[in-house]
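Architecture at a glance
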Amino acid sequence: MTLWVFGYASLLWNPGFPVAEKVQAKLHGYARSFCMYSIHHRGTVEQPGLVLALDEQEGASCDGLALRAAPGSEEETLAYLRERELISSAYLEKQLELVLTDGRHVQAVAYVIDPHHEQYCHLALEEQARIIARAQGGRGPNTEYLYNTAEHLHEIGVPDADLEWLVREVKALARSA
């Protein structure tokens, strides 16, 4: 069994499983968005943070990395990802088609937001910046999550104007605090 996983946020810089191959990929029909309140990893129930999720949207696409789990690690990898990503029921695990930059099409595990879940949100960028600037959870500050994701997208040549704006705004908020 070959296991591909779509990395579009923290999986870019912290996959947490042995990766045999990384290839830039595009997922059609979904947008990367800070549309999920984080009450575990980057925030708390009392002071939620925000994390990126794949939000299903007609005509959208999301660039990221297709990560192929090392042969023999597939079952361990899936168990690890389920524990990490399905900590609440806000994400849905789906098998979705990715188009790799080398022309291949692969089926990959992807974690997408459940739009009916209470952690689903749509906030203006200014509100996202205010939340990210102050939130902290079990895996550290929300700012670290934003900065690492934006940096790794930049490294692989995937521009994200919203994330770049958020980085500038969150840093400005930190300077003025």
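Higher on the page you've got the structure.
Below is a summary of the structure that appears in this document. In this text the structure is predicted, and so the values were computed from the model without any measurement.

**Examining the overall build of the protein chain**
Of the regular secondary structure elements, the protein chain holds 5 helices and 7 strands. Computed over its C-alpha atoms, the radius of gyration of the protein chain comes to 16 Å, within 12% of the 16 Å expected for a compact globule of 177 residues. Seen through its principal axes, the protein chain has C-alpha atoms that stretch 50 × 30 × 30 Å. Looking at the 177 residues of the protein chain, the share that counts as buried comes to 48%. At a minimum sequence separation of 6, the contacts of the protein chain that also span at least 24 residues come to 73%. Put simply, the protein chain shows about 8700 Å² of open surface, and 49% of that area lies on carbon and sulfur atoms. Looking at the protein chain, you have 15 positive and 25 negative side-chain charges, and the mean spots of the two groups are 5 Å apart.

**Looking at the pairing of strand S1 (residues 4-7)**
Side chains Trp4 and Phe6 project from S1 onto one buried face, and the interleaved Val5 and Gly7 project onto a second face that is buried too. Here 4 bridges tie S1 to strand S3 (residues 49-69), and the two strands are oriented antiparallel to one another. Each bridged residue has a counterpart across the sheet, and for Trp4 the counterpart in S3 is Arg68.

**Some remarks on the nonpolar core**
Grouped together as the largest cluster of nonpolar side chains are 54 residues, with contacts concentrated most on Phe6, Tyr8, Phe34, Leu54, Leu98, Leu100 and Leu146. For this core, the element with the highest residue contribution is S3, accounting for 10 residues. When neighbours within four sequence positions are excluded, Leu146 is seen to be in contact with Phe34, Ile132, Leu163, Leu166, Val167 and Val170.

Reading the values: the criteria
- Residues numbered from 1 in each chain as written.
- Predicted model: local features only at pLDDT ≥ 70, side-chain atom pairs only at ≥ 80, totals over all residues.
- Heavy atoms only, no water.
- Helix = DSSP H or I, 4+ residues; strand = E, 2+ residues; numbered from the N terminus.
- Rg over C-alpha atoms; globule rule 2.2 N^0.38 Å.
- Buried < 20%, exposed > 50% of the residue type's maximum accessible area, 1.4 Å probe, protein only.
- Contact = heavy atoms within 4.5 Å.
- Areas by Shrake-Rupley, 256 points an atom, 1.4 Å probe, with all protein chains shown as cover.
- Lys, Arg positive; Asp, Glu negative; His and termini not counted.
- Charge placed at Lys NZ, Arg CZ, Asp CG, Glu CD.
- Pairing = 2+ DSSP bridges.
- Core = buried A, V, L, I, M, F, W, Y, C linked by side-chain atoms within 4.5 Å.

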